[in-house]
Amino acid sequence: LAVRDVAEALRLFKVSTMAASETDATNGQDLLQQSAAGPDRDAYARCESFLRSRLPPGSACNKPRLLEEAVGAGMNANIVARVVRAFCQRGEFVEKNSGRVLKRIK
């Protein structure tokens, strides 16, 4: 009885883990824009293109200065922070020096 329970638990774990990883891999890229509606979606796209053009791959920048520049360009500070966070989760950016420096990887 215990062996069957352990085998069933392992099977369920593998199935749920694989299902979660597949949905994360396919939907993770656009999750930020899917959650936004209408004008916010345009703001997210504009912010993403600004950050990508501002930080070419391999370069690093002071995070507060980057946020200041984005806000100076007319973007919402909350949207910029969310996009930076999403880039870090996707692996495009890496935060260094306790989050004070952003480095673009991809």
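Residues numbered from 1 in each chain as written. Predicted model: local features only at pLDDT ≥ 70, side-chain atom pairs only at ≥ 80, totals over all residues. Heavy atoms only, no water.

**Student:** So what's going on with the sheet that holds strand 2 (residues 93–96)? Residues and values would help.
**Tutor:** Here we have three strands laid out as an open sheet, ordered 1-3-2, and antiparallel in their pairing. Each edge of the open sheet is held by one strand with a lone partner, namely strand 1 (60–62) and strand 2. Across the sheet, the mean angle separating the axes of adjacent strands is 25° when strand polarity is ignored. Note: strand 1 against strand 3 (residues 101–104), three bridges, orientation antiparallel. Counterpart to Asn 62 in the pairing with strand 3 is Val 101. (Pairing = 2+ DSSP bridges. Helix = DSSP H or I, 4+ residues; strand = E, 2+ residues; numbered from the N terminus. Axes fitted to C-alpha atoms, helices over the stretch in contact; angles between N-to-C directions.)

**Student:** Could you give me a rundown of the environment of Ile 79, with the residues and numbers involved?
**Tutor:** Mapping Ile 79 onto the fold places it in helix 5 (residues 77–90). Remark: the alpha-carbon pair of Ile 79 and Glu 48, spanning 31 residues in sequence, is separated by 9.8 Å. The residues contacting Ile 79, other than those within four sequence positions of it, are Asp 40, Ala 43, Tyr 44 and Cys 47. (Contact = heavy atoms within 4.5 Å.)

**Student:** Which residues make up the packing of helix 3 (residues 39–54) against helix 5, and what are the values?
**Tutor:** At a minimum axis separation of 10 Å, helix 3 and helix 5 run at an interaxial angle of 60°. Read as a crossing pair, helix 3 and helix 5 show a hand that is right-handed. Along the contact surface, helix 3 presents Asp 40, Ala 43, Tyr 44, Cys 47, Glu 48, Leu 51 and Arg 52, while helix 5 presents Ile 79, Val 80, Arg 82, Val 83, Val 84, Phe 87 and Arg 90. Tallied by class, residues from the contact of helix 3 with helix 5 come to nine nonpolar, no polar and five charged. (Left-handed = near helix turned anticlockwise from the far one by under 90°. Nonpolar A, V, L, I, M, F, W, Y, C, P; charged D, E, K, R; others polar.)

**Student:** How would you summarise the pattern of salt bridges if you had to cite specific residues and measurements?
**Tutor:** It is possible for side chains of opposite charge to pair when their charged atoms get near one another. Here the structure, examined in full by the defined rule, presents seven salt bridges. Across the pair Arg 52 and Glu 48 runs a salt bridge whose closest N-O atoms are separated by 3.8 Å. Taken together, the residues Arg 52 and Glu 48, both in helix 3 and four residues apart, mark about one turn of the helix. On the accessibility criterion, Arg 52 (30% relative accessible area) is partly exposed. One salt-bridge network, in which partners are shared between bridges, spans Glu 48, Arg 52, Arg 90 and Glu 92. (Salt bridge = Lys/Arg side-chain N within 4 Å of Asp/Glu carboxyl O. Buried < 20%, exposed > 50% of the residue type's maximum accessible area, 1.4 Å probe, protein only.)

**Student:** If you had to explain unusual backbone geometry to someone new, which residues and values would you point to?
**Tutor:** Although it is not a glycine, Asn 97 sits at a positive phi angle of roughly 55°. Positionally, Asn 97 belongs in the loop between strand 2 and strand 3. Taking relative accessible area as the criterion, Asn 97 reaches 48% and is therefore assigned partly exposed. The residue Ser 98 is not glycine, and still its phi comes out positive at about 60°. With respect to the helices, strands and loops of the structure, Ser 98 is situated in the loop between strand 2 and strand 3. Since its relative accessible area comes to 71%, Ser 98 is described here as exposed.

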